[in-house]
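Descriptive analysis of the structure
One-letter residues, chain by chain:
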Amino acid sequence: NYRHAYHAGNFGDVLKHAVLASILTYLKRKPQPFRVIDAHAGIGRYDLTGVEAGKTGEREGGIGRLIGPSAAPLPADIDALLAPYLDIVRALNQPGRLDFYPGSPLVARMLMRPDDRLVVNELHPEDRALLEAELGRDKAVKVMGLDAWAAIKALLPPPERRGLVLIDPPYEQPDEWDKAIAAVGEVQKRFATGVLMLWYPIKVSGEHRRVHDLMARDPALKAIVAELTIRPEVEARGLNGSGLLILNPPWTLKDELERLLPFLAERLAQRPGGGYRIEKFNVS
């Protein structure tokens, strides 16, 4: 039932897509091609003037606070840090407007080189049709409609042996946390040289602490956990924060997050009591 069009451009997307762009920019430093596997792809491009986005207005508390018509100017160092991500958003919109927002498939495709490859998987039939219309004619892109957890097993390891796996489920089903945690192990087993980025919500239920439990159980993992909260974690309704688990992170990412997250915590805060958290595991 989940449709990301209601949430496109929110604060969680800002964190997720900024980090996605940073990782892909780093992967391009080496000439060898890489592959991006997006297990929960969505539609690729979102109309922020549409009915769905209009019902929630969540982009106003996310991308709208960075480059929206009424957004305060960004500090020069933050603007440069976010350039790979924000340049994509700007390219989809007329100057001074914010009508469209890229999903992760479009962020990835716009950063890829000619020899890189993108596999996007979306189970929802209507969203998959929109994704096919957006990217299906691109020879560097393969659009699939599998169950995401089956797709992860089927697609790993990629032929290039380099790349990124993005896992971004809606966490609507009772077993999705179990499947997400299990998928981390599958990626580590099948694609130990690759980068994994798992997005997860921070809610009053506290289930996000399962990510920290996972790291405690497997201290050998090389990872960064980055969390951004826009209000206290204990608020009972809605999404209080957004988290990322990044396995095998680029060595540059730690310093970038330490510069970026304090700014995002201040700029995107909805109420006092939010903040950020960065934990490093076997990352210098």
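All of the points below concern the structure found in this document. Quick caveat, the model's predicted, so the values are computed rather than measured.

Packing of helix α8 (residues 148-155) against helix α9 (residues 176-190) leaves a shortest axis separation of 10 Å and a crossing angle of 5°. When the axis of α8 is compared with that of α9, the two are roughly parallel. For the pair α8 and α9, the contacting residues are W149, I152 and K153 in the first and E176, K179, A180, A183, E186, V187 and R190 in the second. Of the residues assigned to the contact of α8 with α9, the class counts are 5 nonpolar, no polar and 5 charged.

With an omega of -5°, the peptide bond between L156 and P157 qualifies as cis. Its location among the elements puts P157 in the loop between α8 and β6 (163-167). The phi dihedral of R161 is positive, around 60°, even though this residue is not glycine. Topologically, R161 is positioned in the loop between α8 and β6. A relative accessible area of 52% means that R161 is categorised as exposed. Despite not being glycine, N282 shows a phi value in the positive range, around 60°. With respect to the element layout, N282 can be found in the segment after β10 (275-281).

The next thing to look at is α8. A148, W149, A151, I152 and L155 are the residues of α8 that are buried. End-on, the buried residues of α8 take up no more than an arc of 160°, which puts them together on one face. Buried residues along α8 sit in contact with β1 (35-38), β4 (117-121), β5 (141-144), β6 and α9. Measuring from the backbone nitrogen of W149 back to the side-chain oxygen at the start of α8 gives 3.1 Å, which picks out D147 as the cap.

The strands making up a sheet associate through hydrogen bonds between their backbones, and the pairing can be parallel or antiparallel. One open sheet holds the 8 strands; their spatial order is β5-β4-β1-β6-β7-β9-β8-β10, and the pairing between them is mixed. Edge positions in the open sheet fall to β5 and β10, since each of these has one partner strand only. Averaged over neighbouring strand pairs, the angle between their axes works out to 10° when direction is ignored. In the packing of α9 onto the sheet, the strands contacted are β6, β7 (195-202) and β9 (241-247), and the crossing angle to β7 comes to about 165°. Sheet contacts for helix α10 (residues 209-217): β7, β8 (223-229), β9 and β10; angle to β8, the most-contacted strand, approximately 160°.

How each quantity is defined
Residues numbered from 1 in each chain as written. Predicted model: local features only at pLDDT ≥ 70, side-chain atom pairs only at ≥ 80, totals over all residues. Heavy atoms only, no water. Axes fitted to C-alpha atoms, helices over the stretch in contact; angles between N-to-C directions. Helix = DSSP H or I, 4+ residues; strand = E, 2+ residues; numbered from the N terminus. Parallel < 35°, antiparallel > 145°, perpendicular 65-115°, else oblique. Contact = heavy atoms within 4.5 Å. Nonpolar A, V, L, I, M, F, W, Y, C, P; charged D, E, K, R; others polar. Buried < 20%, exposed > 50% of the residue type's maximum accessible area, 1.4 Å probe, protein only. Arc of directions from axis to C-beta. Polar contact = N/O pair within 3.5 Å; in protein donor to acceptor, adjacent residues only side chain to side chain. Pairing = 2+ DSSP bridges.

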